[in-house]
Amino acid sequence: RPYVAYTDVANSNKATVMKYEGGVWQVVGLIRRQRQMCIRDRLYIYNGIPYVAYSDGANSNKATVMKYEGGVWQTVGTAGFSAGSISNPSLDVYNGIPYVAYGDGANSFKATVMKYEGGVWQTVGTAGFSAGSAGYTSLYIYNGIPYVAYTDVANSNKATVMKYEGGVWQVVGNAGFSAGRADYISLYVYNGIPYVAYSYSDVANSYKATVMKYEGGVWQVVGNAGFSAGSAYYTSLYVYNGIPYVAYSDDANSYKATVMKYE
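On to the pattern of salt bridges, then. Per the counting criterion, the structure on display carries seven salt bridges. The closest approach of N and O atoms between Asp-183 and Arg-181, which form a salt bridge, is 2.7 Å. Residue Arg-181 is classed as partly exposed on the basis of its relative accessible area, which comes to 34%.

Before going further, it helps to examine the sheet that holds strand 2 (residues 14-21). On the basis of which strands lie adjacent, the open sheet formed by three strands has the order 1-2-3 and antiparallel pairing. Each having just a single partner strand, strand 1 (3-8) and strand 3 (24-27) make up the two edges of the open sheet. Direction aside, neighbouring strands of the sheet carry axes that sit 30° apart on average. When strand 2 meets strand 3, the two strands line up antiparallel, connected through four bridges. Opposite Met-18, over in strand 3, you have Val-27 as the bridge partner.

Alignment of strand 9 (residues 97-104) against strand 10 (residues 110-117), held across six bridges, turns out to be antiparallel. Note that in strand 10 the partner of Val-100 across the bridge is Met-114. In textbook terms, the turn of a hairpin is the stretch between consecutive antiparallel strands, and for strand 9 and strand 10 this stretch comprises five residues, one of which, Ser-108, has a positive phi near 55°. Inspection of the sheet shows strand 10 paired to strand 11 (residues 120-123) by four bridges, in the antiparallel sense.

Counting through the fold element by element, Asp-183 comes out in strand 16 (residues 181-190). By relative accessible area, which is 2% here, Asp-183 ends up buried. Sequence-distant contacts of Asp-183, that is, excluding residues within four places in its chain, are made with Tyr-136, Thr-151, Tyr-198, Ser-199 and Tyr-207.

Cut-offs applied
- Each chain carries its own residue numbering, running from 1 in the written order of its sequence.
- Selection of residues for local features in this predicted model requires a pLDDT of at least 70, selection of side-chain atom pairs for listing and counting requires 80 or more, and totals for whole chains, interfaces and linings are taken over all residues.
- For side-chain calculations, the full set of non-hydrogen atoms in the structure is used, while hydrogens and water are omitted.
- Whenever a carboxyl oxygen of Asp or Glu lies within 4 Å of a side-chain nitrogen of Lys or Arg, that contact is scored as a salt bridge.
- Using a 1.4 Å probe on the protein chains alone, a residue whose accessible area is under 20% of its type maximum counts as buried, one over 50% counts as exposed, and one in between counts as partly exposed.
- Strand pairing requires that DSSP identify at least two bridges connecting the strands.
- Every helix listed is a DSSP run of H or I at least four residues long, and every strand listed is a run of E at least two residues long, numbered separately from the N terminus.
- For helices, the axis comes from a line fit to the C-alpha atoms of the stretch in contact; other axes are also lines fit to C-alpha atoms, and the angle between any two N-to-C directions lies between 0 and 180 degrees.
- The contact definition used throughout considers only heavy atoms, calling two residues in contact when any of these lie within 4.5 Å.

By themselves, these observations are geometric and do not establish any function.
As structure tokens, this is what we get:
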């Protein structure tokens, strides 16, 4: 069943999660504590349990994760567990272990990944592992290996992907692989091949959608760069049977939702 998480303006910008069941949209419990959330990649459903990660206004904008289980929303570990404030949190749950990636305010907003295991939140590798500030972080765990894509301020705001393997964070291919600035990044790893969707900005493509994949040792464009009719905001990528699907807020259609696939 479909789930949606969002910052609820009608409820003092607190978090709300809804699901579509029995022909109607219904609220999943109530989350009352938080005052604000970051607006992308914060919801994950694992074995029917919704998890939400957010920048917690009630805890100095530090990271908090909650899950809905047993009929109540409950904090996973400690609220505000990050060392400092966070930006652009991204969430994945692998084998029941929640992972969160974010721009880390305690480390010049470089990328940090933490996981909740053994009853504690712990840093995966080194905190602030990216070369510079990381915007629009997008996290994906593939076969236990965390991958993070982000807008790389140290490389002219182009896209970079890193993975944690062999006890170190390492760049996948080359850093700053996109042709121009990459915002609203979304990452998916399919059969070991990382795919990244983003809004691509250059003279000819003002925030139009682009998808790239890392295969054969190189980053390559899937189809055409800037394939959307107009600017594409808040891209969300999924790869099914090798076919990439991208959903986005479509500037060419009054910011309504559009989904495209490459087939």
